[in-house]
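The chain contents come next:
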Amino acid sequence: MEDIVFNKLRQIYNEDQFLQNEPMSRHTTFRTGGPAALFLCPSEEAQLFVSISTLRESGEPFFVLGNGSNILVSDTGFNGTVISTAGLTGIKLEGEDRIRVSCGTLNSAIALFAKENSLAGFEFAAGIPGTIGGAMIMNAGAYGGEMKDITLEVRGLASDGKYKALSCEECEFAYRTSRLKREGFAVSSVLLQLTKGSQDEIKARMRDLALKRKEKQPLEYPSAGSTFKRPEGYFAGKLIEDAGLRGFSVGGAQVSEKHCGFVINKDNATSSDIYELICEVKRIVKDNSGVELEPEVIMLGEF
Ligand SMILES: Cc1cc2nc3c(=O)[nH]c(=O)nc-3n(C[C@H](O)[C@H](O)[C@H](O)COP(=O)(O)OP(=O)(O)OC[C@H]3O[C@@H](n4cnc5c(N)ncnc54)[C@H](O)[C@@H]3O)c2cc1C
């Protein structure tokens with residue numbers, strides 16, 4: 001990175017918000033990944049915007065990080081800047097049934113807030129272990145709900161450098177993707193539309209879904225959730241199971257025995273182990289069923 005860019009960024013952060021060679025294994029739910037050359041932790045939206053504009057204008061590679069629950073970072077790390085949104089949190093009630101949320105707020109915190117305010121509609125996302133920013137990019141969903149069902153507006157920095165407020169329609173949400181993802185939109189806050197409901201019913205639904213997750217998913221191991229997107233007309237987990245890959249391992253990475261749709265870090269896996277396992281699963285499933293699996297997990301760095 002050029003000195004002038006480095007110094008400009010250095011000026012707007014405190015020492016503890018400006019880290020060099022930060023191991024990404026500390027910031028991903030796979031618990032793998034080498035260092036990010038620079039790791040920034042803005043605590044104000046202005047820092048996020050200035051950092052992105054500065055890096056974009058100078059052509060420096062950067063990556064906006066939520067909770068790292070859907071990414072695989074190379075063992076050699078990322079030779080660029082990671083901007084973590086972990087310090088950009090906050091939830092505010094707007095009117096009776098809308099909430100404005102800062103991008104780094106965890107879904108679990110939003111679900112709690114919604115429950116406390118007797119607002120229904122967010123229960124499906126309570127167990128998705130990411131931030132609302134990441135949920136918008138991915139149009140995260142579970143148990144019949146998707147972010148697109150409850151999103152009114154997304155604010156942030158568009159790829160042309162302008163601050164914009166996009167309506168739900170303008171976000172073009174689709175299955176585990178969005179226009180935000182395609183165009184590199186940096187999400188700063190989100191307005192969600194929920195509905196007034198019974199607190200007891202909201203609580204019961206959240207408990208019910210949490211139990212389902214615990215029963216079906218290998219939550220006791222590091223992972224990034226479903227490794228592959230659901231191919232149209234199929235379930236990735238079933239295709240993987242039918243190909244005889246339950247428990248299939250490469251190094252410390254394994255196709256979960258509990259849920260074949262999850263690749264887990266079973267025993268000190270490296271990102272290379274996980275990546276090779278993903279490639280092998282793709283190859284064997286293609287041979288076995290003719291179906292091409294597409295990873296849902298986003299790769300960062302060189303593989
Ligand atoms: C145990 C487990 C269970 C899971 N279950 C589900 C599930 O049921 N449904 C589901 O959909 N997913 C699930 N996931 C996957 C993951 O939690 C979601 O994709 C989540 O929305 C990712 O959010 P994140 O904040 O961790 O994003 P990250 O993984 O940090 O990033 C994902 C993408 O979003 C981008 N991004 C993040 N924040 C911003 C921002 N503010 N502005 C711009 N870009 C941003 C990143 O650049 C990256 O491209 C699961 C994962 C795990 C580990």
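About the criteria used
- Residues numbered from 1 in each chain as written.
- Predicted model: local features only at pLDDT ≥ 70, side-chain atom pairs only at ≥ 80, totals over all residues.
- Heavy atoms only, no water.
- Pairing = 2+ DSSP bridges.
- Helix = DSSP H or I, 4+ residues; strand = E, 2+ residues; numbered from the N terminus.
- Axes fitted to C-alpha atoms, helices over the stretch in contact; angles between N-to-C directions.
- Contact = heavy atoms within 4.5 Å.
- Parallel < 35°, antiparallel > 145°, perpendicular 65-115°, else oblique.
- Nonpolar A, V, L, I, M, F, W, Y, C, P; charged D, E, K, R; others polar.
- Buried < 20%, exposed > 50% of the residue type's maximum accessible area, 1.4 Å probe, protein only.
- Polar contact = N/O pair within 3.5 Å; in protein donor to acceptor, adjacent residues only side chain to side chain.
- 1 Å grid on protein atoms, 1.4 Å probe; cavity = no way out; pocket = protein on both sides within 12 Å on 5 of 7 lines; lining within 4 Å.
- Points joined across faces, edges and corners; volume = space filled by probe spheres on them.
- Near = heavy atom within 4 Å.
- Areas by Shrake-Rupley, 256 points an atom, 1.4 Å probe, with all protein chains shown as cover.
- Salt bridge = Lys/Arg side-chain N within 4 Å of Asp/Glu carboxyl O.
- Phe/Tyr/Trp six-rings, centres within 6.5 Å; stacked < 30°, edge-to-face > 60°.
- Lys NZ or Arg CZ within 6 Å of the ring centre and 35° of its normal.

Participant: How would you explain the sheet that holds strand β11 (residues 151–157) if you had to name every residue and give the values?
Facilitator: Within the open sheet, the five strands sit side by side as β6-β7-β13-β11-β12. Their pairing is antiparallel. Either end of the sheet is taken by a strand with one partner, and the two such strands are β6 (91–94) and β12 (163–167). The mean angle between the axes of side-by-side strands here comes to 20°, regardless of whether they run parallel or antiparallel. In the packing of helix α2 (residues 45–57) onto the sheet, the strands contacted are β11, β12 and β13 (186–193), and the crossing angle to β13 comes to about 135°. The strands touched by helix α3 (residues 107–116) within the sheet are β6, β7 (98–102) and β13, with β6 carrying the most contacts at an inclination of about 35°.

Participant: I'd like a description of the packing of α3 against helix α7 (residues 199–216), backed by residues and values.
Facilitator: Where α3 contacts α7, the axes come no closer than 9 Å and their chain directions differ by 155°. In this view, α3 runs roughly antiparallel relative to α7, as classed from their interaxial angle. Facing Ala 111, Lys 115 and Glu 116 of α3, the residues of α7 in contact are Gln 199, Ile 202, Lys 203 and Met 206. For the contact of α3 with α7, the class distribution of residues is three nonpolar, one polar and three charged.

Participant: Report on the side chain of Ser 271, specifying residues and quantitative values.
Facilitator: Take Ser 271: it is sitting in helix α9 (residues 271–289). By relative accessible area, Ser 271 is classed as buried at 0%. Looking at Ser 271, its side chain comes within polar contact range of the side chain of Thr 32, at 2.8 Å. For Ser 271, the residues in contact, after removing those within four places along its chain, are Thr 32, Gly 33, Leu 72, Val 73, Ser 74, Asp 75 and Phe 303.

Participant: I'd like to hear about the layout of surface pockets, residue by residue, with values.
Facilitator: Space inside the second largest pocket adds up to approximately 190 Å³. In terms of residue class, the lining of the second largest pocket is built from five nonpolar, 10 polar and two charged.

Participant: For the site of the ligand, give the residues involved together with the corresponding values.
Facilitator: Around the ligand sit 35 residues in total, of which Val 64, Ser 69, Asn 70, Thr 131 and Gly 141 are the nearest. Contact between the ligand and Asn 67: an oxygen atom at 2.9 Å from a main-chain N or O atom of the residue. Separating an oxygen atom of the ligand from a side-chain N or O atom of Arg 213 is a distance of 2.8 Å. Within the complex, 92% of the 970 Å² of free accessible area of the ligand lies under protein. Elements supplying a minimum of two residues to the shell around the ligand: β3 (62–65), α4 (132–138), β9 (141–142), β13 and β15 (223–226). Among the elements that make up the shell around the ligand, the one with the highest residue count is α4 (five residues).

Participant: An account of the pattern of salt bridges is needed here, citing residue identities and associated values.
Facilitator: Inspection of the entire model under this criterion finds 16 salt bridges. Between Glu 22 and Arg 26 there is a salt bridge, with the nearest N and O atoms lying 3.3 Å from each other. Overall, the relative accessible area of 8% leaves Glu 22 in the buried class. For Arg 26, a relative accessible area of 56% corresponds to the exposed category. Lys 229 is paired through a salt bridge with Glu 294; the nearest N and O atoms lie 3.4 Å apart. Linking Lys 229 in the loop between β15 and α8 (236–242) with Glu 294 in the loop between α9 and β19 (298–300), this pair joins segments that are 65 residues apart in sequence. One salt-bridge network, in which partners are shared between bridges, spans Glu 94, Arg 100, Glu 153 and Arg 155.

Participant: Please set out the packing of helix α1 (residues 3–11) against α2 residue by residue, giving values where relevant.
Facilitator: Each pair of packed helices can be summarised by the angle the axes make with each other and by the distance between the axes. Orientation of α1 relative to α2, taken along the N-to-C sense of each, is 180°, at an axis distance of 10 Å. Of the possible angle classes, the one that applies to α1 and α2 is roughly antiparallel. Residues Val 5, Lys 8 and Leu 9 of α1 pack against Ser 51, Thr 54 and Leu 55 of α2. The residue inventory of the contact of α1 with α2, partitioned by class, reads three nonpolar, two polar and one charged.

Participant: So what's going on with unusual backbone geometry? Residues and values would help.
Facilitator: In the Ramachandran plot, Asn 21 falls in the positive-phi region, its phi being about 50° despite a non-glycine side chain. Residues other than glycine seldom take positive phi values, yet Glu 172 does so here, at roughly 45°. By the element assignment, Glu 172 lies in the loop between α5 (168–171) and α6 (179–183). A relative accessible area of 41% places Glu 172 in the partly exposed class.

Participant: Can you tell me about the packing of aromatic side chains, naming the residues and giving the values?
Facilitator: Applying the stated rule across the entire model yields five aromatic pairs. When the ring of Tyr 13 is compared with that of Phe 18, the centres are 6.5 Å apart and the planes differ by 40°; the resulting orientation is tilted. Feature note: the residues Phe 6, Tyr 13 and Phe 18 constitute an aromatic cluster, connected by ring pairs. Taking NZ or CZ as reference, Arg 10 lies 5.0 Å from the ring centre of Phe 18, over its face.

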